[in-house]
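What follows is each chain in one-letter form.
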Amino acid sequence: MGRKEDNIERAVEVMRVRDKIRNLAIAAHIDHGKTTLSDNLIAGAGMMSEDLAGKSRVLDFDDQESARGITINAASASMVHDVEGTDYLINLIDTPGHVDFGGDVTRAMRAVDGCIILACAVEGTMPQTETVVRQALKEKVRPVLFINKVDRLINELQIDGPEMMKRFEKIITKVNKLIYTFAPAELRKEWQVDVKKGTVAFGSAYYNWGMSIPYMAKSGINFTQIFEYCHNDQQKELAKKAPVHRVLLDMAVDKLPSPLVAQEYRIPNIWQGDLESDFAKSMIKCDPDGPLSLMIVKIWMDPHAGEVAVGRVYSGSIKHGESVWALGGAKAERVQQVSMMVGGDRIAVAEVSAGNIAALTGIKSAAAGVTITRNKDDTGFEPIRHYSEPVVTVAVEPKSMKDLPKFVDALRSLAKSDASLQVSTNAETGEALLAGMGELHLEITTYRIEEEQGIKVKVSEPIVVYRESIEGDNKGRPFEGKSPNRHNRFYIEVEPMPDDIIKELRDGTFGDGPVRTKDAKSTGNKFGEFGMDKDLMRKIYAINGTNVLINDTKGIQNLHETRELIIEGFNDVCKKGPVAEEPLMGVMVRLVDAKLHEDAIHRGPAQTIPAVRNSMKGALIRARSVIFEPMQNIRIDAPNDVIGGVTGELNKRRGIIEDMPVDGGTASVIGKMPVAESFGFSNSVRAASQGRAVWNTENAGYVHLPRELFNKVVAEIRDRKGLKSELPGEAQYMD
Amino acid sequence: MRVAILCSGGKDSAYAAWWAMMQGWDTVAIITIGIKGNDSMMFQIPGTFISAFQSVCMNVPWLPVESSGKEELEMLDLKNAILGKNDNLNAYNSIWPEHIKKNQNLDLFIGKLKIDALVTGALRSDYQKTRIERMCESLGIISFSPLWHKDPLEHMNSLIELGFEIKFISVSCEGLDKEWLGTSLTKDNLSQLVNLSKQFRFNLDGEGGEFETITVSGPHMRNKIKCSGKVCFKSGRGIWEIEEADITQC
């Protein structure tokens, strides 16, 4: 314990030496050994017993995480690492590798400047790795690579030196390709990982050893020796000579940027305000004495202290007891406690300064993505983009009505702590709808309500979230929608957005929400860069998800006054499409004409909004509505003799098999499967493979629902939502 | 002061009529525009013939004006009526609904109106007010709008407190469903209306055409009007079609 306290003291000292700080994350696919590696790093830095490292999983401080053996939440830990007599402060943010929690990964990436991509030497890079790396690169987070589980390569697969090199090369090439594709253009060459440059390390986190070219030079250990150590069951000795924490933290210190370096190029990328302002300059310089700017990346519930907000300080220092604004909040709030995180422990400190990760209590209006400042008029960070949209919903209600108030509180804090979870309540039935990234995500969420909050709940069968879209257009045949008082009419045409633009919209390239009039031109130009009609797109009114609203009218009097209401009507339909009240996707909506009552009182919200809604819904039906369903990428690995049963199971569920590589005795099935067919998949795959298959999924976006299923699916949704069974036609929206 | 009251049969014009009487002015006629088309930007359409019964209850002559509802012609039709250029009997017969029994005591106004002022129930619609003012100016008379920019909640409350009985005969805005049609405004459903108007952001006093009303009794009327009707509601809007109407003796 003494060593731990000593470390905390050193950490507080280094905290203000900004070029001696490294903020990093570990990003990888599920089960590639991320939490094991994190524990090694923490143990190496003296924050837990070395024997426990690799086995105790400090970062999995959620009971559930340990039980399920996967990391649910990104927790953070600070540690001190000494390189040739100089202390460095490493702030580590752990990220979940499971596909269902992609939201956490994005948020963690915003808080760090560098990341260790963890790839399994046996399995290579996996679908999730690509997602994670892409998320890191978009946030301008510099990657280095660690190839884990090398011991298995040597001992289980009996691979020799040249073969191992080949395998490494394959992984490195794949990672570099990803970096080249997704890194910002000016950095993609510089950021390529290379064994010779020391940006690649390999080893075994479980056996606590690691190695890199610079460390080989330093320690004098060569490849042949590594093979010997492994073959002779002497990995413990190897770990003494080349501890993985030392190798990796040396690499982090040497190759990853300090906040002082990183904030200079990252702030313009992640912060949207005026870069010439003092506020921006202070962030770019990472000035601990400048104005406070802290972005919350995560909220978690502490049983004693309540909500704890973890965030990165970009500028200034946050002190306990001071009054701060959570931007968007109603009033200033007092910081009750400022702490550093060490696994499950929060260590209270007097202040945390720029470039570091801080944990705060007392800020009620903090939520993931919120910026904390001293002045309520400061500009916050842009909203965090999500790379995955919720695809599955369950309805949840407390079994006993007396738990209702507690239940409502529990939902509130869940929604705050997990930004990838959407919580809404059905006003009529009182049940809550939870929308999440997959069946497992929601299972864990309801488990939390039951176990952590002690509320017994009833959970409905999972429901797939579909999307509505169109397959044709109604160009030249605008649909007229009238206001209830008939004095206002709107004429709308719709057409599908090009696929590549939908992808950019989803990535947040053009932003989301209403477009301010003064920004319309630049937003339009941006669309122009992607091959859209620039002049048309400059007339943009709003973006909602992957849908775009354009004012394509000419010289309509008073239209500007109803702009906000038109956008509201558009947003309503984007939320609930005409066919099954499912969200709309990938539609360009053009307002081509309008007739407005010249008196403002006759075109209020209760008139204009329904008129816009009607005209947009009618236009969508006229352009032939279609349904899109969510798909997931799937990869199943199983021994050759049982793979037949697995592919059969996939075929039964409308799965598409894209590739079936065979590697020795193991075969893999790589393909896609509709989420709608995935419920209960784990049980049936287990049965089909006698429990020997390992499988992973990842959201793969939306595809056109086969036409023959359209009526069946729509009827099911409408029935479930209590809508009339007959499908609405154009006539319904005409008057 | 000799005045005429522009009356649609609804709550605001009834209030305006009561207000004019309280000023001690001489009310010469009740003017009602009957729209033959489907729509008007300016005037109420359903149930306007109720003004005829109101004029009987107020003991004031009734001046019906027929109009097509075409935006550019409406005001001209009204102006011609005031100048006595219209055939009022013809207008009466033309706009009167076939299934409603005409009242024997109705005093139909014939000839040119000699008035100093026109009183209207305009609330906040600049469109209505500027058109009326322009017309009055051209006739050399003045216009009064006693309810102009009165607080909507205060207005609705005062209607109930002063003893006006008003019925909803049309709804056309999001948030108002067919339950409202044919019902009378009370303290209870007013609070409900207030909540809806906040939720759906419409005008509490119906000034944007959210709903239309008829006044069946009030402090300025000697008798009550009794009527029955049926609800017709379709795609977000509806009317209460008056099937029978008459004056009760009391």
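Residues numbered from 1 in each chain as written. Chains lettered and ligands numbered in written order. Predicted model: local features only at pLDDT ≥ 70, side-chain atom pairs only at ≥ 80, totals over all residues. Heavy atoms only, no water.

Chemist: Outline the overall build of chain A, supporting the account with residue identities and numerical values.
Modeler: When its secondary structure is counted, chain A shows 23 helices and 34 strands. Here chain A, with 735 residues, has 59% of them falling under the buried criterion. Sequence-distant contacts, at least 24 apart, represent 74% of the contacts inside chain A between residues at least 6 apart. With the model as given, the accessible surface of chain A reaches about 29500 Å², and the carbon-plus-sulfur share is 49%. (Helix = DSSP H or I, 4+ residues; strand = E, 2+ residues; numbered from the N terminus. Buried < 20%, exposed > 50% of the residue type's maximum accessible area, 1.4 Å probe, protein only. Contact = heavy atoms within 4.5 Å. Areas by Shrake-Rupley, 256 points an atom, 1.4 Å probe, with all protein chains shown as cover.)

Chemist: So what's going on with the overall build of chain B? Which residues, and what values?
Modeler: On a plain count of helices and strands, chain B comes out with 7 helices and 9 strands. Relative to its 250 residues, chain B shows a buried fraction of 57%. Contacts spanning at least 24 positions in sequence make up 73% of the contacts within chain B whose residues lie at least 6 apart.

Chemist: An account of the sheet that holds strand 9 (residues 237–248) of chain B is needed here, citing residue identities and associated values.
Modeler: Residue and element names in this part refer to chain B. Spatially, 7-6-9-8 is the arrangement adopted by the 4 strands of the open sheet, whose pairing is antiparallel. One side of each edge strand has no neighbouring strand; the edge strands of this open sheet are strand 7 (211–217) and strand 8 (224–234). Looking at each pair of strands side by side, their axes are set apart by 25° on average, direction ignored. Note that strand 6 (residues 165–171) and strand 7 share 6 bridges and pair antiparallel. Counted as the bridge partner of serine 170 is glutamate 212 from strand 7. Each of strand 7, strand 8 and strand 9 touches helix 2 (residues 50–58); the most contacted strand, strand 9, lies at about 30° to it. (Pairing = 2+ DSSP bridges. Axes fitted to C-alpha atoms, helices over the stretch in contact; angles between N-to-C directions.)

Chemist: Could you give me a rundown of the sheet that holds strand 29 (residues 587–595) of chain A, with the residues and numbers involved?
Modeler: Residue and element names in this part refer to chain A. One open sheet holds the 6 strands; their spatial order is 24-25-29-28-27-26, and the pairing between them is mixed. Across the chains shown, the open sheet's two edge strands, defined by having one partner strand only, are strand 24 (479–482) and strand 26 (513–514). In terms of strand pairing, strand 27 (residues 540–544) meets strand 28 (residues 547–551) through 4 bridges, oriented antiparallel. Directly across from alanine 542, in strand 28, lies its bridge partner leucine 549. Each of strand 25 (489–496), strand 26, strand 27, strand 28 and strand 29 touches helix 19 (residues 563–575); the most contacted strand, strand 27, lies at about 30° to it.

Chemist: If you had to explain the packing of aromatic side chains to someone new, which residues and values would you point to?
Modeler: Residue and element names in this part refer to chain B. Applying the stated criterion across every chain, the model contains 21 aromatic pairs over all chains. Look at tryptophan 62 and tryptophan 96: their rings are 6.1 Å apart centre to centre, the planes differ by 80°, and that puts the pair in the edge-to-face class. With tryptophan 62 in strand 3 (residues 62–67) and tryptophan 96 in the loop between helix 4 (88–95) and strand 4 (117–119), the pair connects residues that are 34 residues apart, well separated along the chain. Site record: aromatic cluster; members linked through ring pairs are Phe49, Phe53, Trp62, Tyr92 and Trp96. Between the NZ or CZ atom of lysine 102 and the centre of the ring of tyrosine 92, over which it lies, the distance is 4.5 Å. (Phe/Tyr/Trp six-rings, centres within 6.5 Å; stacked < 30°, edge-to-face > 60°. Lys NZ or Arg CZ within 6 Å of the ring centre and 35° of its normal.)

Chemist: Please give an account of the interface of chain A and chain B that cites residues and values.
Modeler: Contacts between the two partners involve 18 residues from chain A and, on the opposite side, 25 residues from chain B. Both faces combined, the contact of chain A with chain B buries some 1800 Å², and carbon together with sulfur accounts for 44% of it. The largest per-residue losses of area from chain A upon contact with chain B belong to A:Pro484, A:Ile601 and A:Ala606, which jointly make up 29% of the total buried on that side. There are 3 salt bridges connecting chain A and chain B. A:Glu568 serves as the salt-bridge partner of B:Arg201, at 2.3 Å between the closest nitrogen and oxygen. Where chain A meets chain B, there are 11 residue pairs in polar contact (both at pLDDT 80 or more). Looking at the side of chain A that touches chain B, the element that brings in the most residues is helix 20 (residues 605–622) of chain A, giving 6 residues. (Buried area = accessible area lost by both parts, 1.4 Å probe. Salt bridge = Lys/Arg side-chain N within 4 Å of Asp/Glu carboxyl O. Polar contact = N/O pair within 3.5 Å; in protein donor to acceptor, adjacent residues only side chain to side chain.)

Chemist: Could you give an account of helix 9 (residues 223–231) of chain A, naming the residues involved and the relevant values?
Modeler: Residues and elements named next belong to chain A. Among the residues of helix 9, Ile226, Phe227, Tyr229 and Cys230 are the ones counted as buried. End-on, the buried residues of helix 9 take up no more than an arc of 160°, which puts them together on one face. Tucked into the core, helix 9 has its buried residues touching helix 6 (150–155), helix 7 (161–182), strand 6 (200–204), strand 7 (209–212), helix 8 (213–219) and helix 10 (235–241). Two or three places before threonine 224, at the start of helix 9, stands the capping residue asparagine 222, its side-chain oxygen 3.3 Å from that residue's backbone nitrogen. Downstream of helix 9 by one or two residues, aspartate 233 has phi in the positive range, about 60°. (Arc of directions from axis to C-beta.)

Chemist: I'd like a rundown of the environment of A:Lys177, residues and numbers included.
Modeler: All names here are of chain A. Checked against the element boundaries, lysine 177 lands in helix 7. In this structure lysine 177 comes out as exposed when scored by relative accessible area, which is 62%. Separated by 15 residues in sequence, lysine 177 and glutamine 192 have C-alpha atoms that sit 8.5 Å apart.

Chemist: Any details on unusual backbone geometry? Residues and values, ideally.
Modeler: Residues and elements named next belong to chain A. At asparagine 208, a residue that is not glycine, the phi angle is positive and equals roughly 65°. Following the sequence through the fold, asparagine 208 ends up in the loop between strand 6 and strand 7. Its identity is not glycine, yet cysteine 286 carries a phi of approximately 60°, on the positive side. Note that cysteine 286 resides in the loop between helix 13 (278–285) and strand 8 (293–302). For cysteine 286, a relative accessible area of 0% translates into the label buried.

Chemist: Describe the environment of A:Arg246, and please don't skip the residues or the numbers.
Modeler: Along the chain, A:Arg246 falls in helix 11 (residues 244–255). In this structure A:Arg246 touches A:His81, A:Asp82 and A:Tyr215, once residues within four positions along its chain are discounted.

Chemist: For the environment of A:Ala354, give the residues involved together with the corresponding values.
Modeler: Among the secondary structure elements, A:Ala354 is positioned in the loop between strand 15 (351–353) and strand 16 (357–361). Ignoring sequence-local partners within four residues, the contact set of A:Ala354 consists of A:Arg18, A:Ile21, A:Cys286, A:Asp287, A:Pro288, A:Val313, A:Tyr314, A:Ser315 and A:Gly316.

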